[in-house]
Structures are given as C-alpha cells and as structure tokens.
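# Results of the structural survey
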Amino acid sequence: MVQVALKKQWVAQAGLKIKSQIREIEMKKTWATLVFIGVAATTALSAHARDDKLLMPISVAMESSDTKEKLDSSIKYYFGKQKTPKVVQKLGNYASNKKTNAFGKADDVACQWAFLSAMLSLEQRAKELGANAVINIVSNYKKVEMSSETEYECHAGAIMAGVALKGDFVKISGK
C-alpha cells in the first residue's frame, strides 16, 4: 500500500514538473513570437516610412476656397522678397510649424491643409501683435530656411504632412 501511494505521489510530482516545463516552453514561444512580430513591424514601418520634400505653389494654396474662406483678408501676406508697401512699424517675428493627417490623402491635399494651418497660426500671431501684414514669409522646415515668392516647402509622409513657415509682423502704410 505504501509503495502504491509513493508511486502515485511520484507520478503526480512528475506530472506537475512536466506541466511546468510545458508552460515554460509555451511562454518562451509566446515571447519569441512577440519579438518576431515587433521586429517585423518595425522593419516594415521603417521600410515604408517616407518624408518627401515637396515644393508646392503658393498661389494654388492661397487661391483655394478653404484659404479664402478662413484667412482674414484685412491682413496681407508677402512671401520671400516680394515687394511690400512701406513698413511703418516692425512688431516682431514668429515661426509656425504645423502638421496634418495625411493618411489616405493625396500629398497636394495634405500639404494645402498643413499650409492653411500654418497661415492661420501666422494670422493669429499678427492679430495678437496688432500687425496688418506678415512679410518675408519663408519656409522653415527643421529650421532650414527656403525663401521663395512662388513656392512653399511641405514634407509629406504616409501618415503626416507638415509645413513650417516664419515671417516678420509689421504695420504697413495704406492700412
């Protein structure tokens, strides 16, 4: 009887040990799978990540119905070295860096939204300062200036698009 009880106890202990080893192997498999999925996802995302530098026409962005509807026409905007009316008072400068969701959007559409957002930020700052114009507006992506009277710089990716602008806030004559 004692021998049968000892055998049963030994079998039970062996069974517990085997179950414990099986759980440990299953955990290792789970962790290995998770690590593999993480590496695969990271590799896939970095392979598909993009940050395309696009030079977009200012005129198209400024003439869009959204821009015309949302920007206050009492504030004038001058890009690059465009000739301006006489500057009566300088009120400071400001940089705006705006991003927008580009997922599922064409680059030009996403860039126009980011441009409008950056322009609205410049407009808000102009109003705070009492300016009636923003002059010397340049693209300022990652703090690298690109001055143009006809184009702005937009960086578009699979998920985000961004436009960074900076300009000088002034009061001009005739206003």
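Below you will find a few notes about this structure. None of these values were measured; they are calculated from a predicted model.

Conventions used here
Residues numbered from 1 in each chain as written. Predicted model: local features only at pLDDT ≥ 70, side-chain atom pairs only at ≥ 80, totals over all residues. Heavy atoms only, no water. Pairing = 2+ DSSP bridges. Helix = DSSP H or I, 4+ residues; strand = E, 2+ residues; numbered from the N terminus. Buried < 20%, exposed > 50% of the residue type's maximum accessible area, 1.4 Å probe, protein only. Contact = heavy atoms within 4.5 Å.

### Observations regarding the pairing of strand S7 (residues 160-172)
Inspection of the sheet shows strand S3 (residues 87-101) paired to S7 by 13 bridges, in the antiparallel sense. Residue Asn101 lies in a different strand from S7, and its bridge partner there is Met160. Two elements, strand S4 (residues 133-141) and S7, share five bridges in a ladder whose sense is antiparallel. Looking at the pairing, Val134 lines up with Phe169 of S7. Of the strand pairs in this sheet, strand S6 (residues 151-156) and S7 are connected by two bridges, and their pairing is antiparallel. By the bridge assignment, Ala156 is partnered in S7 with Ala161. As consecutive antiparallel partners, S6 and S7 are separated by three residues.

### Let's talk about unusual backbone geometry
Not every positive phi belongs to a glycine, and Lys142 is a case in point at roughly 50 degrees. Judged by relative accessible area, which is 65%, Lys142 ranks as exposed. Phi is positive for Lys143, close to 65 degrees, though the residue is something other than glycine. Considering the arrangement of structural elements, one finds Lys143 in the loop between S4 and strand S5 (144-146).

### Observations concerning the environment of Lys81
Residue position: Lys81 is located in the loop between strand S2 (76-79) and S3. Each C-alpha atom of the pair Lys81 and Val138 lies 9.2 Å from the other, and the pair is 57 residues apart in sequence. In this structure Lys81 touches Ser147 and Glu149, once residues within four positions along its chain are discounted.

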